[in-house]
Amino acid sequence: MNIQQEDDTKKGAFYIEQDAKRIAEMTYVYAGEQKIIIDHTEVDTSLKGQGVGYKLVEEAVAFAREKALKILPLCPFAAAVFKKKVDGYNDVKA
């Protein structure tokens, strides 16, 4: 499963495509130069139970660490993941 990213320095997304259709996506917007806000996560029902949402959050965390960004998880799913992994994501949580 290949997670791709698009980013135009104002907003972006981590996503999975299949047959030229996005079947999983987590979007974010920049809040200044050092913070992103995860605002939406959606995963197709065909991927249910495969942990795809968690993998999208992991990609965002890796991206934030690489770019020295903080993450504000406003999306309910991302917020729940951050709450569960308090110790693992403290370094990037805004």
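To be clear, the structure that these remarks concern was listed above.
Definitions and cut-offs
Residues numbered from 1 in each chain as written. Predicted model: local features only at pLDDT ≥ 70, side-chain atom pairs only at ≥ 80, totals over all residues. Heavy atoms only, no water. Core = buried A, V, L, I, M, F, W, Y, C linked by side-chain atoms within 4.5 Å. Buried < 20%, exposed > 50% of the residue type's maximum accessible area, 1.4 Å probe, protein only. Helix = DSSP H or I, 4+ residues; strand = E, 2+ residues; numbered from the N terminus. Contact = heavy atoms within 4.5 Å. Expected span 1.5 Å × (residues − 1).

Caption draft 1: Structural view of the nonpolar core. Within the largest apolar cluster, 24 residues are counted, with the highest numbers of intra-cluster contacts made by Val-57 and Ile-71. At the level of elements, β2 (11-18), β3 (21-30), β4 (35-43), α1 (52-67) and α2 (76-84) are the ones that each hand at least two residues to this core. Per-element tally for this core: the top contributor is α1, with 7 residues. Aside from chain neighbours lying at most four places away, what touches Val-57 is Met-26, Phe-77, Ala-78, Val-81, Phe-82 and Tyr-89.

Caption draft 2: α1, seen in detail. The end-to-end C-alpha distance of α1 is 23 Å, a good match for the 22 Å that 16 residues give at a rise of 1.5 Å each. Phi turns positive one or two residues past the end of α1, at Ala-68, with a value near 55 degrees.

What is shown is where atoms sit, not what they do.
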